[in-house]
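# Examination of the molecular architecture
These are the residues of each chain, in order.
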Amino acid sequence: MSEQPANRRPLKTRNAGWVKRLAGVLAKNGVSPNLISFTSVAFAVLGASSLGLSGLITGWPRVILLIVAAFTIQLRLLCNLLDGMVAVEFGKGKPSGAIWNELPDRFADFLLLAGAGYATVSANFVMGPALGWLCAVLAVIAAYVRELGRGEGLPPDFTGPLAKPQRMAVLTIAVLVSCFDGFWTHDGTTLMIGLGLIAVLTGTTIGVRVLNLSRALKSKSSETP
C-alpha cells in the first residue's frame, strides 16, 4: 500500500499508543502494507463464512459463529488501519500500493455485508440475502464516488452519515445483538434491521457525496480562467 497523508481517512485511533507500537513491530519485522491489506480480506472471508453458516443453525453454535464474525469485522478494520500506518509512518509503501489498498477493501466490504444477508435465512427472511447484496453494492458505489472525486483532482470525500468505519460499526453491533435474538424475536431479526439501516444510510452517503462532488466540480470550473 502507498498513500499520501492528504488522502488518508481521518482516524483518531491512528494516534493510539498500542496501534503505533503494533504498526512498528510489523514494519520492523518486514511485514509489507500489501500483505496486511490482503490479510484484511482473509478476515473478511472468515467473517462472511461465519455469518453465512450462522443462518443455517440455531442455539449456541449460531452464537459462537456470530461472535467470531464480530471479531473478524473488527480485525479487518484493524488491518485497514495498520496497512496505511506501515506504509506512511514507516515508509514501507510501494508504487502499486494504492491498488492493493482499495481492491481488498472493496472485497472485504462486499463479503461481510453479503454474508450478513445470509445470516438471516434461518428466520425465513427471504429478502435477507438480497438486502445483504444491496448493502454490499451500495458500499462499493460509495467508495466509487469518493474515488471519482479523486480522479478529478479533488480531495477524497470521507463524509457520511455512514462511511466505512460507521458502516462496519453498525454491522458489528447488529451481529452482536443478534446473538440474543432468541430471547425476544426470531433469529436474524436484528441483522435485518441493521442491514436495512445500513442500506438507507449508505444510500444517503452516496447522495451526499454526489452533491459534494457536483458542487466541488462547479466551483473548480468557475475558478478556471
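In this text the structure is predicted, and so the values were computed from the model without any measurement.

Attention now goes to the pattern of salt bridges. Following the criterion strictly, the structure yields twelve salt bridges and no others. Notably, a salt bridge pairs R62 with D181, separated by 3.8 Å at the nearest N-O pair. On the criterion of sequence distance, the pair formed by R62 in helix α3 (residues 59-88) and D181 in helix α7 (residues 181-184) is long-range, its members being 119 residues apart. Given a relative accessible area of 0%, D181 falls into the buried group. A salt bridge links E147 to R150; the shortest N-O distance between them is 3.5 Å. Of this pair, E147 and R150 both sit in helix α5 (residues 128-151), three residues apart, which is roughly one turn of the helix. A residue is classified by how much of its surface remains accessible, and E147, at 25% relative accessible area, is partly exposed. Each member of the salt-bridge network shares a partner with another, and the members are R76, E102, D105, R106, D109, R146, E147, R150, K164 and R167.

In summary, soluble globular proteins display a tendency toward joint burial of nonpolar side chains. If you look at the biggest cluster of nonpolar residues, it comprises 33 residues, and the most contacted ones within it are L51, L113, M168, L171, V175, L191 and I198. If you list the elements that add at least two residues to this core, you get α2 (33-54), α3, α4 (97-118), α5, α6 (164-178) and α8 (189-223). Among the elements that line this core, the one with the most residues is α5, at seven residues. Setting aside anything within four residues of it in sequence, one finds V175 in contact with L51, L66, A69, A70, I73 and L191. Among the nonpolar cores identified, the runner-up in size contains ten residues, and A23, L82, M85 and V86 belong to it.

As a further point, take helix α1 (residues 17-28). If you check α1, its first and last C-alpha atoms are 16 Å apart, about what twelve residues at 1.5 Å a residue would give, namely 16 Å. Regarding α1, the residues found buried are V19, A23, G24, L26 and A27. Down the axis of α1, the buried side of the element spans an arc of 165°, and every buried residue falls inside it. Turned more than 90 degrees away from the buried face of α1 sit W18, R21 and K28, all of them exposed. Buried positions along α1 lie against α2 and α3. Backbone geometry just after α1 places G30 at a positive phi near 75°.

On average, the chain scores 91 in pLDDT, and the residues at 70 or more come to 95%. No element of the chain has a lower mean pLDDT than α7, which averages 86, and none a higher one than α6, which averages 97.

Moving on to the packing of aromatic side chains. As enumerated under the stated definition, the model contains three aromatic pairs in all. On the numbers, 5.2 Å between centres and 65° between planes, the contact of F110 with W133 is edge-to-face. In this pair, F110 sits in helix α4 while W133 sits in helix α5, placing the two residues 23 residues apart along the sequence.

Our next topic: the side chain of T205. Mapped onto the elements, T205 comes out in helix α8. Here T205 falls in the buried class, since its relative accessible area comes to 0%. Reaching out from T205, the side chain makes a polar contact with the backbone oxygen of L201 at a distance of 2.8 Å. When sequence neighbours within four positions are dropped, the list of residues in contact with T205 reads T159, G160, P161, L162 and A163.

A few words on the environment of N15. Along the chain, the position of N15 falls in the segment before α1. We classify N15 as exposed; its relative accessible area is 57%. For the pair N15 and G47, spaced 32 residues apart in the sequence, the C-alpha separation amounts to 27 Å.

What counts, and where the lines are drawn
- Residues numbered from 1 in each chain as written.
- Predicted model: local features only at pLDDT ≥ 70, side-chain atom pairs only at ≥ 80, totals over all residues.
- Heavy atoms only, no water.
- Salt bridge = Lys/Arg side-chain N within 4 Å of Asp/Glu carboxyl O.
- Helix = DSSP H or I, 4+ residues; strand = E, 2+ residues; numbered from the N terminus.
- Buried < 20%, exposed > 50% of the residue type's maximum accessible area, 1.4 Å probe, protein only.
- Core = buried A, V, L, I, M, F, W, Y, C linked by side-chain atoms within 4.5 Å.
- Contact = heavy atoms within 4.5 Å.
- Expected span 1.5 Å × (residues − 1).
- Arc of directions from axis to C-beta.
- pLDDT = per-residue confidence, 0-100.
- Phe/Tyr/Trp six-rings, centres within 6.5 Å; stacked < 30°, edge-to-face > 60°.
- Polar contact = N/O pair within 3.5 Å; in protein donor to acceptor, adjacent residues only side chain to side chain.

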